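Structural features, examined
So you can see what is in the structure, the chains are spelled out below.
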Amino acid sequence: GGRMSAIGEFRFSHPSISLRWAGATHVGMRRTVNEDSVFASFPVFVVADGMGGHAAGDVASALAVEAFRSLKGRTLADVECVEAAVEHAFEQVSARAADEAIGGTTLSGSVLVDVSGVAHWLVLNIGDSRTYLYEQGSLEQVTIDHSVVQELVETGALRRADARRHPHRNVITRALGAGERQPADAWLRPAERGQRLLVCSDGLTGEVDDAEIAEILGDVASPAAAAALLLRRALDAGAPDNVSIVVVDVDAVAIADEDLFDTHVPDLDDTVPREARP
C-alpha cells in the first residue's frame with residue numbers, strides 16, 4: 001500500500017566505475033508519518049532520519065538529503081563539493097528551524113568522489129543512521145553511531161550485544177538541527193569491484209542484527225532483492241520505527257588508465273620477480 005516507497009533497481013556506468021543500486025523506505029508498523037528521507041542517485045547515496053514527530057522530522061530529513069541533489073550527475077563528485085553539501089544541509093535545517101518548529105535529523109551515506117583519478121567512497125555520518133561496507137564475505141560498519149548507547153559501549157559500561165535493547169537506544173548525541181553545529185564524521189575508502197554498500201536508518205538496525213544483515217547481503221544477488229528482504233525482516237520483527245535502506249553494488253572499477261571492463265590478467269613476467277622463479 002501507500003506505506004512503502006520503493007526505489008526500483010538502477011544501473012549507471014561511468015568511465016571509472018559501474019554501479020547498481022536500489023532502496024526502499026517504509027513508515028514501519030506503528031508510525032503514521034515517515035520521517036525518513038532517502039536520496040539515491042549517482043554519485044550520492046544518503047539516508048536521513050528526522051526527529052520531532054508529526055511533520056517536523058520529515059521536513060528536517062528532506063532538507064538534509066536535498067542539500068546533496070546538486071552533486072547528482074554523470075561525474076564523480078570531489079571532496080570539496082561534498083563538504084559544501086554537508087555545510088548546506090546544516091544551513092538549510094538551521095534556517096528552517098529558526099522559522100518553525102522542525103525537528104533535527106540524522107544523515108548517513110556515501111558519495112563517490114574522484115581522488116587523483118581514482119573513485120573513492122566518501123562516507124559521511126551524523127547521528128545514528130549507518131553506512132556499512134560488505135566485501136569478501138565480511139560486514140563492516142564504517143560509521144560510528146553518535147548515540148548515548150555507543151558512548152556506553154565505548155567506555156565499557158554496556159555490552160554491544162545489549163545495546164539494541166537499551167531503553168535509551170534512540171537518544172543521539174549529534175544531529176543536524178536548530179543550534180547544532182557538531183561536525184559530520186567522514187571516511188575515505190577506495191571503491192572496489194565486488195563491494196556492496198548499505199546505508200540505513202536505525203529502523204533497520206534496531207530490529208535486525210549485523211549477523212543477519214551480513215547473511216542477507218551475502219546471499220541475495222540483486223540490490224533490489226537485498227533491500228526488499230532487509231526491509232521484510234525489519235517489518236516481520238515489528239519495526240516500530242520508519243525503515244530506510246539503500247544497497248549499492250560496485251560491478252566494475254577502472255584501474256588507472258585501463259578500460260572499465262578490461263579483464264586482461266597480467267602474465268607472470270608482470271608480477272613475479274625473476275629471481276623468485278625456480
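Just above sits the structure.
Residues numbered from 1 in each chain as written. Predicted model: local features only at pLDDT ≥ 70, side-chain atom pairs only at ≥ 80, totals over all residues. Heavy atoms only, no water.

Direction vectors running N to C along helix 1 (residues 56-66) and helix 2 (residues 79-99) enclose 150°, while the axes themselves pass 8 Å from each other. Considering the angle they form, helix 1 stands roughly antiparallel to helix 2. Seen along the crossing, helix 1 lies across helix 2 with a hand that is right-handed. Taking contact as the criterion, the partners of V59, A60, L63 and A64 in helix 1 are, on helix 2, A89, Q92, V93 and R96. (Axes fitted to C-alpha atoms, helices over the stretch in contact; angles between N-to-C directions. Helix = DSSP H or I, 4+ residues; strand = E, 2+ residues; numbered from the N terminus. Parallel < 35°, antiparallel > 145°, perpendicular 65-115°, else oblique. Left-handed = near helix turned anticlockwise from the far one by under 90°. Contact = heavy atoms within 4.5 Å.)

This part is about unusual backbone geometry. Residues F42 and P43 are joined by a peptide bond in cis, for which omega reads 0°. Positive phi outside glycine occurs at Q136, with the angle close to 50°. Assessed through its relative accessible area of 81%, Q136 is described here as exposed. (Buried < 20%, exposed > 50% of the residue type's maximum accessible area, 1.4 Å probe, protein only.)

With that settled, the discussion passes to a negative patch on the surface. Taken together, the side chains of D78, E80, E83 and D114 make up a negatively charged region of the molecular surface. Mapped onto the secondary structure, D78 falls in the loop between helix 1 and helix 2. For D78, a relative accessible area of 32% translates into the label partly exposed. (Patch = residues over 30% accessible without salt bridge, like charges linked within 9 Å, V, L, I, M, F, W, Y side chains within 5 Å. Areas by Shrake-Rupley, 256 points an atom, 1.4 Å probe, with all protein chains shown as cover. Salt bridge = Lys/Arg side-chain N within 4 Å of Asp/Glu carboxyl O. Lys, Arg positive; Asp, Glu negative; His and termini not counted. Charge placed at Lys NZ, Arg CZ, Asp CG, Glu CD.)

Here the focus is the pattern of salt bridges. As enumerated under the stated definition, the model contains 13 salt bridges in all. Where R130 meets D145, a salt bridge forms, and the shortest distance between an N and an O atom there is 2.7 Å. Note that R130 is positioned in strand 7 (residues 130-135) and D145 in the loop between strand 8 (138-141) and helix 3 (148-154), a separation of 15 residues in sequence. You can call R130 buried: its relative accessible area is 14%. Here D185 makes a salt bridge to R174, at a shortest N to O gap of 3.3 Å. With D185 in strand 9 (residues 185-190) and R174 in the loop between helix 4 (160-163) and strand 9, this residue pair connects regions lying 11 residues apart in the sequence. A residue is classified by how much of its surface remains accessible, and D185, at 21% relative accessible area, is partly exposed. The class of R174 is partly exposed, set by a relative accessible area of 22%. When salt bridges with common partners are traced through the structure, they connect E9, R11, R20, R196, D249 and D251 into a single cluster.

Relative to the assigned elements, L124 resides in strand 6 (residues 118-126). Using a relative accessible area of 5% as the deciding quantity, one classes L124 as buried. As a C-alpha pair, L124 and W187 span 63 residues in sequence and 6.7 Å in three-dimensional space. Setting aside anything within four residues of it in sequence, one finds L124 in contact with F68, V82, V86, L107, S108, G109, T131, T143, D185 and A186.

Quick look at the environment of S37 now. Locating S37 in the fold gives a position in strand 3 (residues 36-41). Residue classification places S37 among the buried positions, given a relative accessible area of 11%. Put simply, S37 and V65 are 28 residues apart on the chain and 6.8 Å apart in space, counted from C-alpha to C-alpha. Beyond its immediate sequence surroundings of up to four residues, S37 is in contact with V46, V47, A48, D58, S61, A62 and V65. Within polar-contact distance, the side chain of S37 engages the side chain of S61 at 2.7 Å. (Polar contact = N/O pair within 3.5 Å; in protein donor to acceptor, adjacent residues only side chain to side chain.)

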